[in-house]
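If you want the building blocks of each chain, they are given just below.
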Amino acid sequence: MLVVATSIIQLANGFFGTFVSLRVAIESFDVPGLVLSAYFAGFTFGAFRCNTIIERIGHIRAYAAFAGLVAVAVAMMPLLIGSLAWVVLRAIVGFGCAGLFVTTESWLTAKAQPSERGRVFSIYMVGTFLALALGQLLIIRADIKAAAPFNVIVALFAVALTMVTSARAEPPRVGPEAVLPYGVLARAAPIAVTGCALSGLVGGAFYSLVPAWMQNQGTPRETIALFMLVAVLGGFAFQIPVGRLSDRFDRCIVVAFLGLGFAGTAVVMVFLPRNLAAILPAAVLLGGFMSTLYPVCVAHAHDRMPADRVVAVSGRLILVSGIGSVLGPLIGADLMARFGIDGVFYFMAAAVLLLALVAGFGSLITRPPTQVEAPFAILTPQAGPLAHDPFDPLDGPSHLNDPR
């Protein structure tokens, strides 16, 4: 029931991210980049603080509180159309979504037996990716200028809230987390920290700005939905093969190749003809490289840190990625206003090329980890990374859970 409810939330989230990007494009807000990045700011703060709320009131009540918060904020958006109001409301939506995903993943992690955890999270991720993809298809039927899409999103969150609060499953007990001093992670795994920040930067820019630009160019809504759908499915298709490579070879080298692949694809997209036959294959590659950068960097960070710091490390990486996700739309919106979408693609390519160079150089000077390597974990695109659970290597990978 929890997995189904969260899939419904991801359906709403995938639709909402692209829809808001399109709606912002037609509203002509003074600060569109700030409106789009506000979700990531709220998401980052929520991922940083929501564990305290869960510990205080429990999983079921926390889930209800977070879902209700999102529903209220979304319902208010068509009533308060303006830059400042939407910045605040988008931040509230991001905070609530972060809380929902952390609540879900910590619940699944705590209740699943070690021998079943891999299967449980595989089912969870299949539902998540399918829901995100379906959310892009809903754009085709949506009236961007009307209030109806907001009502649909509120209804989906209400359905998920009803399912979880009426379930008979017993929620887990939550204990306090370990504290990780600032600076320790950056010194132990600088490539991982850099990679998470730049992954958030390019992910925030891509999912926030590309649909808006396509809308401004008069691109049919069906084409926008198809492009975003293909990018999401590309991320899904890359997860397992990249994960196997990451577990077999030096993760720094894998990060370097992913960075080079993303940068090259982003530059190529600038010169491709604007037709589906040329753009869609590139979108598959771009989404695949983009969606696998973060989980490989997270696995590399856990290779370098003690096993008892796993939750604290994940929380710190969420914070770093979230900061990047906030800056991405802000910087990208300014570049898009001056240079069009080509400026955004060059910006993303330059950022990830920097990561590739740092990772390639790091693979030459960094000593191999002394502890057992943490397995690669599949992450949800758009929503951003949320939680990571220590996992027995014999049981398979655990799960970590960037439109916005």
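Treat the numbers as computed from the prediction; the structure is a model and nothing was measured. (Residues numbered from 1 in each chain as written. Predicted model: local features only at pLDDT ≥ 70, side-chain atom pairs only at ≥ 80, totals over all residues. Heavy atoms only, no water.)

Across its full length, the chain carries 13 helices and zero strands. Overall, the chain shows an N-to-C arrangement of helices and strands of α-α-α-α-α-α-α-α-α-α-α-α-α. Approximately 16000 Å² of the chain is accessible, and the part contributed by carbon and sulfur atoms is 67%. (Helix = DSSP H or I, 4+ residues; strand = E, 2+ residues; numbered from the N terminus. Areas by Shrake-Rupley, 256 points an atom, 1.4 Å probe, with all protein chains shown as cover.)

This part covers the confidence of the model for the chain. Caution applies to low-pLDDT regions: their predicted coordinates should not be interpreted in detail. Here the chain averages 80 in pLDDT, and 80% of its residues register 70 or above. Predicted confidence in the chain is weakest over helix 5 (residues 114-137), with a mean pLDDT of 67, and strongest over helix 10 (residues 251-271), with 93. Low pLDDT, under 50, characterises residues 381-404; the stretch is placed with 112 contacts to residues that sit more than four places away or in other chains. (pLDDT = per-residue confidence, 0-100. Contact = heavy atoms within 4.5 Å.)

Taken as a whole, this structure holds 11 aromatic pairs when the rule is applied. Ring geometry for Phe15 and Phe19: centres 5.8 Å apart, planes at 20°, overall stacked. Of the two residues, Phe15 and Phe19 are both situated in helix 1 (residues 2-27); the distance of four residues between them amounts to about one turn of the helix. This pair shows no difference in class: Phe15 is buried, exactly as Phe19 is. Pairwise contacts between aromatic rings join Phe15, Phe19, Phe29, Trp86 and Phe150 into one cluster. (Phe/Tyr/Trp six-rings, centres within 6.5 Å; stacked < 30°, edge-to-face > 60°. Buried < 20%, exposed > 50% of the residue type's maximum accessible area, 1.4 Å probe, protein only.)

What follows deals with the state of the cysteines. One pass over the structure, following the stated rule, counts zero disulfides. The thiol of Cys196 is unpaired, and the distance to the nearest cysteine sulfur, on Cys297, comes to 5.1 Å. (Disulfide = S-S within 2.5 Å.)

Right, let's talk about the packing of helix 3 (residues 59-76) against helix 6 (residues 148-165) for a bit. Running from N to C, helix 3 and helix 6 cross one another at 170°; their axes reach a closest spacing of 9 Å. The angle between helix 3 and helix 6 places the two elements in the roughly antiparallel class. Contacts between helix 3 and helix 6 pair Ile60, Tyr63, Ala64, Ala67, Val70, Ala71, Val74 and Ala75 from the former with Phe150, Ile153, Val154, Phe157, Ala160, Leu161, Val164 and Thr165 from the latter. (Axes fitted to C-alpha atoms, helices over the stretch in contact; angles between N-to-C directions. Parallel < 35°, antiparallel > 145°, perpendicular 65-115°, else oblique.)

Evaluation of the coordinates by the stated rule reveals three salt bridges. With a shortest N-O distance of 2.7 Å, Arg23 and Glu27 are connected by a salt bridge. Of the two residues, Arg23 and Glu27 are both situated in helix 1; the distance of four residues between them amounts to about one turn of the helix. With a relative accessible area of 5%, Arg23 lands in the buried category. Of the residues examined, Glu27 reaches a relative accessible area of 24% and is grouped as partly exposed. Taking the shortest distance from any N to any O, the salt bridge between Asp334 and Arg338 comes out at 3.7 Å. Of this pair, Asp334 and Arg338 both sit in helix 12 (residues 310-339), four residues apart, roughly one helical turn. (Salt bridge = Lys/Arg side-chain N within 4 Å of Asp/Glu carboxyl O.)

Okay, helix 2 (residues 32-57) next. The periodicity of an α-helix, 3.6 residues per turn, causes residues three or four places apart in sequence to face the same way. The end-to-end C-alpha distance of helix 2 is 36 Å, a good match for the 38 Å that 26 residues give at a rise of 1.5 Å each. By the largest-angle criterion, Arg49 marks the main kink of helix 2, which is about 45°. In the segment just after helix 2, Gly58 is the residue with positive phi, at about 90°. (Expected span 1.5 Å × (residues − 1). Bend = angle between axes of the 7 residues up to and from the residue.)

Turning next to the side chain of Ser7. By the secondary structure assignment, Ser7 is in helix 1. Ser7 gets classed as buried once you look at its relative accessible area, which sits at 14%. What Ser7 contacts, discounting residues up to four positions off in sequence, is Gly127, Thr128 and Ala131.

So, about the packing of helix 2 against helix 3. Between helix 2 and helix 3, the least distance of the axes is 7 Å, while the angle of their chain directions is 130°. In this view, helix 2 runs oblique relative to helix 3, as classed from their interaxial angle. Here helix 2 runs over helix 3; the crossing is right-handed. Counting all contacts with helix 2, which are made through Cys50, Ile53, Ile54 and Ile57, the residues of helix 3 involved are His59, Arg61, Ala62 and Phe66. (Left-handed = near helix turned anticlockwise from the far one by under 90°.)

Attention shifts here to the environment of Arg316. Positionally, Arg316 belongs in helix 12. Classification of Arg316 as buried rests on a relative accessible area of 13%. Along the backbone, Arg316 and Leu180 are 136 residues apart, and their C-alpha atoms lie at a distance of 8.1 Å. In this view, Arg316 contacts Leu180, Pro181, Tyr182 and Leu185; residues no more than four positions away in its chain are not counted.

On the surface, a cluster of nonpolar side chains totalling about 440 Å² of accessible area is made up of Val31, Leu34, Ile323, Leu327, Leu330 and Ile331. Of the residues forming the nonpolar patch, the biggest block, four residues, is contributed by helix 12. Looking at the element boundaries, Leu34 is found in helix 2. Taking relative accessible area as the criterion, Leu34 reaches 37% and is therefore assigned partly exposed. (Patch = residues over 30% accessible without salt bridge, like charges linked within 9 Å, V, L, I, M, F, W, Y side chains within 5 Å.)

Tracing the backbone through its elements, the reader meets Leu22 in helix 1. By relative accessible area, which is 0% here, Leu22 ends up buried. Measuring from C-alpha to C-alpha, the distance between Leu22 and Ile144 comes to 7.1 Å, with 122 residues separating the pair along the chain. Not counting residues within four places of it along the chain, the set of residues in contact with Leu22 comprises Ile139, Ile144, Pro211, Ala212, Gln215 and Ile224.

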